[in-house]
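Next come the chains, spelled out residue by residue.
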Amino acid sequence: MTVRLYDSRAAAVVDLVPLVDGQVSVYVCGPTVQSSPHIGHLRSALVYDIWRRWLTYRGLRVTLVRNVTDIDDKVLDLAAGTDEAWFARAYRVELEFTAAYNALGILPPTYEPRATASVPQMHDIITKLIDRGHAYVAADDSGDVYFDTGSWPSYGALTRQRREDMVEATDADPRGKRDARDFALWKGAKPGEPSTAAWDSPWGPGRPGWHIECSAMSRRYLGPAFDIHGGGLDLRFPHHENELAQSTAAGDPFASYWLHNGLVTVEGQKMSKSLGNSIFAADFLAAARPAVVRYFLGAAHYRSSIDHHDGSLAEAEAAYDRIDGFLQRAEVRLEGVRLADAPAVPDAFAAAMDDDLAVPQALAVLHETVRTGNAALDADDAETLGVAYHQVAAMVEVLGIDPRAAHWSGGGQDASAGPLAALVERLVQERADARAARDFTAADRVRDDLAAAGITIEDTPSGTRWSIA
């Protein structure tokens, strides 16, 4: 078994060789919590969730760090002039991201550090860079500190650019820069900014630049060298390029491999505020069952773009329903049947997933197995049906789209074991008892009470299912 991945730095598909045998360390750039999540954020988090699930399935112990950028110019700008403190806004938006991730069944990261909790570690890296001659304190007494891009010959290695061809860095006020392409490591406090957004430092009060935050957090939680750095394609430059430059200039090996996921477009156009075509996560999750949204966002190859258009969710729902329908029919037919052991996932599925996480090819195997299973159902071939059922069950579990998972019917990863689930299950049983007694008035009353509370119930051949509408 060899897992292969497309390393953006090498611009090639290469074998994954972990630094520590049997373990994989992954750092993923998480959200800047300035405003509500959109479907692009969901797609990125989902990509690395599928990677994590597959690597775990392959027997590797995965440590996944996904950060929260909770201090940033945009966070401060959007909170300015409102009654909400910047840190309160950041936390409120962070909760929106968490809720959206949970709704899609995205597993919580091993660690989810906030940038504001690692400021001392940022100071350490900046000090090293100054001592090594790769950073400088602005001479204008502003307290700004910049990375000297001209001092690092490898600058541009990730995106294969020459420094002289690069655009100016726009991440900070250029008031003390020696060169327009230099980027901020530390931003001195400015008059009018909230005092809560400034930390003491050797260079005066201020706050970190965006890029240094990820270098500090990845080093703190994964060490100076780790296996995989992931993020959206839009982060390759300048964010990831700058991370790589400052970390390696400070003496760290940093990431062995770089993964970048494609973006989400709407009717062929990039989402943007100016076009007014951004689709927020809450609206998208309200448009279809979360399991269907997950299927749609995860169905394309992770490096390709996804285009959302009229009918795309309906197409995903039809495909997902074929899987769900087969599993339900198979469970009814196989009840009480002793099944022979079956391979966990088909070899063709494993080969596709090992080949740079080729989910489209893996889904083709999944749907072909569903067709085989349905044919076995029609032919009353229990042995073939049992193999297909086990294989489909294994594949949907790996992809995180198992229709039978408690997450989808319980309203959240922990809800199935909580008081809400217990209450709903009791009411569902009362309704079943009333129907069995032909007391349809009582059964309808329970259904209406659940509907009024936002609970949808569905009667299926394998029993009644419920979900939070």
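Rules used throughout
- Residues numbered from 1 in each chain as written.
- Predicted model: local features only at pLDDT ≥ 70, side-chain atom pairs only at ≥ 80, totals over all residues.
- Heavy atoms only, no water.
- Helix = DSSP H or I, 4+ residues; strand = E, 2+ residues; numbered from the N terminus.
- Rg over C-alpha atoms; globule rule 2.2 N^0.38 Å.
- Buried < 20%, exposed > 50% of the residue type's maximum accessible area, 1.4 Å probe, protein only.
- Contact = heavy atoms within 4.5 Å.
- Areas by Shrake-Rupley, 256 points an atom, 1.4 Å probe, with all protein chains shown as cover.
- Lys, Arg positive; Asp, Glu negative; His and termini not counted.
- Charge placed at Lys NZ, Arg CZ, Asp CG, Glu CD.
- Disulfide = S-S within 2.5 Å.
- Polar contact = N/O pair within 3.5 Å; in protein donor to acceptor, adjacent residues only side chain to side chain.
- Pairing = 2+ DSSP bridges.
- Right-handed = clockwise from strand over helix to strand, strands pointing away.
- Core = buried A, V, L, I, M, F, W, Y, C linked by side-chain atoms within 4.5 Å.
- Salt bridge = Lys/Arg side-chain N within 4 Å of Asp/Glu carboxyl O.
- Axes fitted to C-alpha atoms, helices over the stretch in contact; angles between N-to-C directions.
- Parallel < 35°, antiparallel > 145°, perpendicular 65-115°, else oblique.
- Nonpolar A, V, L, I, M, F, W, Y, C, P; charged D, E, K, R; others polar.
- UniProt positions renumbered as here; feature names shortened; annotations may be inferred.
- Phe/Tyr/Trp six-rings, centres within 6.5 Å; stacked < 30°, edge-to-face > 60°.
- Lys NZ or Arg CZ within 6 Å of the ring centre and 35° of its normal.

**Here we look at the overall build of the protein chain**
And step 1. Looking only at helices and strands, one finds 15 helices and 15 strands in the protein chain.
And step 2. Compactness check: the protein chain gives a C-alpha radius of gyration of 25 Å against a globular reference of 23 Å for 469 residues, within 12% of the reference.
And step 3. Its C-alpha atoms put the protein chain at 85 × 50 × 40 Å along the principal axes.
And step 4. Taking all 469 residues of the protein chain together, the buried fraction comes to 50%.
And step 5. Sequence-distant contacts, at least 24 apart, represent 74% of the contacts inside the protein chain between residues at least 6 apart.
And step 6. Split by element, the accessible area of the protein chain, about 21000 Å² in all, is 51% carbon and sulfur.
And step 7. Side chains of the protein chain give 45 positive and 66 negative charges; the mean places of these two sets differ by 1 Å.

**Let's talk about the state of the cysteines**
And step 1. Going through the model one piece at a time under the given rule, you end up with zero disulfides.
And step 2. Its sulfur unpaired, Cys-29 is 3.8 Å from the next cysteine sulfur, which belongs to Cys-214.
And step 3. A residue is classified by how much of its surface remains accessible, and Cys-214, at 1% relative accessible area, is buried.

**Brief notes about the side chain of Arg-207**
And step 1. Here Arg-207 shows up in strand S8 (residues 206-208).
And step 2. By relative accessible area, which is 6% here, Arg-207 ends up buried.
And step 3. Of the polar contacts made by the side chain of Arg-207, one reaches the side chain of Glu-193; its length is 3.1 Å.
And step 4. Residues contacting Arg-207, with those up to four places away along its chain left out, are Ile-71, Asp-73, Leu-76, Trp-186, Lys-187, Glu-193, Ala-197 and Trp-199.

**Describing the pairing of strand S4 (residues 61-66)**
And step 1. Inspection of the sheet shows strand S3 (residues 23-28) paired to S4 by six bridges, in the parallel sense. If you follow Val-24 over to S4, its bridge partner there is Val-62.
And step 2. Traced from S3 through helix H1 (residues 39-57) to S4, the parallel crossover comes out right-handed.

**Points about the nonpolar core**
And step 1. Membership of the largest hydrophobic core comes to 121 residues, with the highest contact counts inside it found for Trp-51, Leu-185, Phe-326, Phe-349, Met-353, Leu-366 and Val-392.
And step 2. In terms of residue count, the dominant contributor to this core is H1 (10 residues).
And step 3. Not counting chain neighbours up to four residues away, the residues in contact with Phe-349 comprise Trp-54, Ala-362, Val-365, Met-395, Val-398 and Leu-399.
And step 4. Val-424, Leu-450, Ile-455 and Trp-466 belong to the second largest nonpolar core, which has seven residues in total.

**Digging into the pattern of salt bridges**
Where charged atoms from two side chains of opposite charge come close, those side chains can pair.
And step 1. The full count for this structure, using the stated rule, is 28 salt bridges.
And step 2. With a closest N to O distance of 3.0 Å, Arg-162 and Asp-165 form a salt bridge.
And step 3. When its relative accessible area of 51% is taken as the criterion, Arg-162 is described as exposed.
And step 4. Judged by its relative accessible area of 48%, Asp-165 falls in the partly exposed class.
And step 5. Of the charged contacts, one joins Asp-444 and Arg-447 as a salt bridge, the two residues approaching to 3.4 Å between their closest N and O atoms.

**Some details on the environment of Glu-383**
And step 1. Tracing the sequence through the fold places Glu-383 in helix H12 (residues 382-399).
And step 2. The class of Glu-383 is exposed, set by a relative accessible area of 66%.
And step 3. For the pair Glu-383 and Arg-338, spaced 45 residues apart in sequence, the C-alpha to C-alpha distance is 9.3 Å.

**Quick word on the packing of H1 against H12**
And step 1. Between H1 and H12, whose axes approach to 8 Å, the crossing angle comes to 130°. By the criterion of interaxial angle, the relationship of H1 to H12 is oblique. On H12, the residues that touch Ile-50, Arg-53, Trp-54 and Tyr-57 of H1 are Glu-397, Val-398 and Leu-399.
And step 2. Among the residues forming the contact of H1 with H12, the class breakdown is five nonpolar, no polar and two charged.

**Section: the UniProt feature "binding site: Zn(2+)" (unreviewed entry) in the protein chain**
And step 1. Look at the UniProt record and you will see "binding site: Zn(2+)" (unreviewed entry) annotated at Cys-29, Cys-214, His-239 and Glu-243. A compact arrangement is adopted by the annotated residues: their sequence extent is 215 residues, whereas the largest C-alpha distance between any two is 11.0 Å.
And step 2. Positionally, Cys-214 belongs in helix H5 (residues 210-222).
And step 3. Apart from the residues lying within four places of it in its own chain, the contact partners of Cys-214 are Tyr-27, Cys-29, Asn-67, His-239 and Glu-243.
And step 4. Judged by its relative accessible area of 1%, His-239 falls in the buried class.
And step 5. Once residues within four sequence positions are removed from consideration, His-239 is found in contact with Cys-29, Trp-210, His-211 and Cys-214.
And step 6. There is a polar contact of 2.9 Å between the side chain of His-239 and the side chain of His-211.

**Things to note about the sheet that holds S8**
And step 1. Spatial strand order, S5-S6-S7-S8: four strands in an open sheet with antiparallel pairing. Edge strands, defined here as strands with exactly one partner in the open sheet, are strand S5 (135-137) and S8. Averaged over all pairs of adjacent strands, the angle between strand axes in this sheet comes to 20°, irrespective of strand direction.

**Some details on the packing of aromatic side chains**
How two aromatic rings sit relative to each other is set out by the distance from centre to centre and by the angle between their planes.
And step 1. Inspection of every chain in the model, using the stated rule, returns 16 aromatic pairs.
And step 2. Considering the side-chain rings of Trp-54 and Tyr-57, the 5.0 Å spacing of their centres and the 15° angle between planes classify their relative orientation as stacked. Remark: Tyr-57 and Trp-54 occur in helix H1; sequence separation between them is three residues, near one turn of the helix.
And step 3. Take Trp-54: its relative accessible area is 0%, and that puts it in the buried class.
And step 4. A residue is classified by how much of its surface remains accessible, and Tyr-57, at 33% relative accessible area, is partly exposed.
And step 5. Taken together, a centroid distance of 5.9 Å and an interplanar angle of 50° make the contact between Phe-254 and Trp-258 tilted.
And step 6. Judged by relative accessible area, Phe-254 falls into the buried class, the value being 3%.
And step 7. Taken together, the aromatic side chains of Tyr-27, Phe-226, Phe-254 and Trp-258 make up a single cluster linked through ring pairs.
And step 8. Cation over ring: Arg-178 sits above Tyr-136, and NZ or CZ is 4.0 Å from the ring centre.

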